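Working through the structure, step by step
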Amino acid sequence: MASRMLSSLRSVSSFGSPSKRCSGLYYCWVRGINGVAESVAADEPIIPPVQIDHTQLLINGDFVDAASGKTFSTFDPRSGDLIANVAEADREDVNRAVSAARKAFDEGPWPRMTAYERSRILLRCADLLEKHNDEVAALETWDSGKPYEQAAKVEVPMVTRVFRYYAGWADKIHGLTVPADGPYHVQTLHEPIGVAGQIIPWNFPLLIYSWKVGPALACGNTVVLKTSEQTPLSALYVSKLFLEAGLPPGVLNVISGFGPTAGAALCSHMDVDKLAFTGSSSTGKIVLGLSAQSNLKPVTLELGGKSPFIVCKDADIDAAAEAAHSALFFNQGQCCVAGSRTFVHESIYDEFVEKAKELAAKRVVGDPFKIGVEQGPQIDSVQFEKILRYIRSGVESGATLETGGQRIGSKGYYMRPTVFSNVEDDMLIAKDEIFGPVQSILKFKDLEEVIRRANATPYGLAAGVFTQNIDYANSLTRALRVGTVWINCYDVFDATIPFGGYKMSGQGRVKGMNSLSNYLQVKAAVTPLNNPAWL
């Protein structure tokens, strides 16, 4: 059955996006069909084309049960039905995983291996991931609800690219010879930081897995990674590929469980040397606090956002409307960088709203394993009900509901794409991170005003700017207090581009060469020179 289903999916894989796999989310994931959003979700869910083989914890190179024997359930967001029962880690399991990682770092071959050999293992894993692309994508879709085409053609190839990128960095990490005032030889050494604790979210579980694991391993560290309880399956599968690629036991340990138990134990552990967390800003504060209360381990945080998408009066309105639509609705709106505050110049506001409304009404919602579906279900009932509360809040606060706002069908967590106009800055839908398919369109008069309003938020993750005026583009790029500004595009990600936020959107950067510093210590070594020929 699995092979037949995969063959069927491959045969129509060119539908809805370019056939070649590439790394930029916006450019690769184009809208495939001009249907009308309707209750296609009412059909019986397609049987996912993959078998689940790994539901245990990965500790010291073996898949093992939780010490307590407990499991938790991961559910299919298309129906709410059980997918699998997964081993539930708690403090004792975290201790086992950290102990394995500690021993692998202190005594094992990984940090002592040549950088070239570490690079080869990362490359072999990337090759295996490419070989198993479709199975991994099917797991990701089944567990998270994202469109299979998105996972198979964009996200999993991006993961492969990230591992190859950091494989290339492994033997290029080096220090400097530093001139000093006096007869001394001074050099700086870049050393692996040790045991890295990492926590990944449910919206892009595998992609963010690669953003954390790739640089940590390239630098020679060992890892204990906690998956989200909503989406544990793909990380376990890919970690198995790392073992096949030759990664020594204990270098990569994966635990599944809940934040207050497994997550807190990892953050508080005195033998963890570094933390990296992606998730909400409120949880990021807890992670930072637990680090401070334990051994003051350094923390990298990639947190929430309420990103402005600014459409200037001279913008190509059709291109801007299409990009704003993708910026908000991509991945069911479950993106930290979602362009969730769409600021449009007053001179083109009404025309833009009509175009945004039309695009949302045509967006195809349904089973994410169906070819041509653009929007799958929300992740779970909790997130689904939260989004509905925000929609009700928008209506009650006086915003105009242009389209959407309702559930689709009675099974699963499908929602009609929603567009609000006449949104004011003090409304909750304009202030809070909704994390769902709800577009809020605001009106502005001039650049000075929109800069002030765009920056009037505790977040600072990303922004989009649509204009044909280079002066507008330059002014906004420098004025916006965010980590990424996309000009006449959106959601362009690449292994080489650093990503992170200002303010409550986080600290530190992931991806690119900048992320390597998260996993390195810098040591200065000073040696006296006896009668040196030169200084």
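What counts and how
- Residues numbered from 1 in each chain as written.
- Predicted model: local features only at pLDDT ≥ 70, side-chain atom pairs only at ≥ 80, totals over all residues.
- Heavy atoms only, no water.
- Core = buried A, V, L, I, M, F, W, Y, C linked by side-chain atoms within 4.5 Å.
- Buried < 20%, exposed > 50% of the residue type's maximum accessible area, 1.4 Å probe, protein only.
- Helix = DSSP H or I, 4+ residues; strand = E, 2+ residues; numbered from the N terminus.
- Contact = heavy atoms within 4.5 Å.
- Phe/Tyr/Trp six-rings, centres within 6.5 Å; stacked < 30°, edge-to-face > 60°.
- Salt bridge = Lys/Arg side-chain N within 4 Å of Asp/Glu carboxyl O.
- 1 Å grid on protein atoms, 1.4 Å probe; cavity = no way out; pocket = protein on both sides within 12 Å on 5 of 7 lines; lining within 4 Å.
- Points joined across faces, edges and corners; volume = space filled by probe spheres on them.
- Nonpolar A, V, L, I, M, F, W, Y, C, P; charged D, E, K, R; others polar.

Quick word on the nonpolar core
Residues F163, Y209, L217, F242, V337 and F352 are the most contacted members of the largest nonpolar core, which totals 104 residues. The greatest single-element share of this core, amounting to 13 residues, is contributed by helix α6 (residues 148–169). Ignoring anything within four residues of it in the chain, the contact list for F242 reads L122, C125, F163, Y209, V213, L217, L247 and L252. In this structure, C312, F384, I429 and L476 belong to the second largest nonpolar core, which totals 28 residues.

Examining the packing of aromatic side chains
This structure, assessed with the given rule, holds 15 aromatic pairs. Judged by centre distance (6.2 Å) and plane angle (15°), the ring pair of F204 and F330 falls under stacked. Residue F204 is found in the loop between β7 (195–199) and α7 (205–218), and its partner F330 is found in the loop between α11 (317–329) and β13 (341–345); the two are separated by 126 residues along the sequence. Since its relative accessible area comes to 5%, F330 is described here as buried. Centre to centre, the rings of F309 and F466 are 5.4 Å apart; their planes meet at 20°, and the pair counts as stacked. Taken together, the residues span a long stretch of sequence, with F309 in strand β12 (residues 308–311) and F466 in strand β17 (residues 462–466) at a distance of 157 residues.

Section: the pattern of salt bridges
Scanning the entire structure with this criterion turns up 22 salt bridges. A salt bridge links R120 to E117, with the shortest nitrogen-to-oxygen separation between them at 3.3 Å. Of this pair, R120 and E117 both sit in helix α4 (residues 115–131), three residues apart, which is roughly one turn of the helix. The class of R120 is partly exposed, set by a relative accessible area of 36%.

Things to note about empty space enclosed by the protein
Here the structure, examined in full by the defined rule, presents six cavities of 30 Å³ or more. In this model, the largest cavity occupies a volume close to 110 Å³. For the largest cavity, the lining is made up of 14 residues, of which F204, W211, C336, V337 and F493 are closest to its centre. If you tally residues by element for the lining of the largest cavity, the top one is α7, at three residues. Residue composition of the lining of the largest cavity, by class: 11 nonpolar, one polar and two charged. Within this model, the second largest cavity holds a volume of roughly 80 Å³.

A few points about the layout of surface pockets
There is about 960 Å³ of room inside the largest pocket. The set of elements that each furnish at least two residues to the lining of the largest pocket consists of α9 (259–268), β10 (274–278), α10 (281–293) and α13 (381–396). Residue contributions to the lining of the largest pocket peak at seven residues, all from α10. For the lining of the largest pocket, the per-class residue count stands at 20 nonpolar, 13 polar and nine charged. What the second largest pocket holds in volume is close to 210 Å³. What lines the second largest pocket is a set of 14 residues, and nearest its centre among them are S73, F75, Q230, I379 and D380. Elements with a contribution of two residues or more to the lining of the second largest pocket: β3 (71–75) and α13. When residues of the lining of the second largest pocket are assigned to their parent elements, the largest contribution, four residues, is made by β3. Here the lining of the second largest pocket is built from residues that sort into six nonpolar, five polar and three charged.

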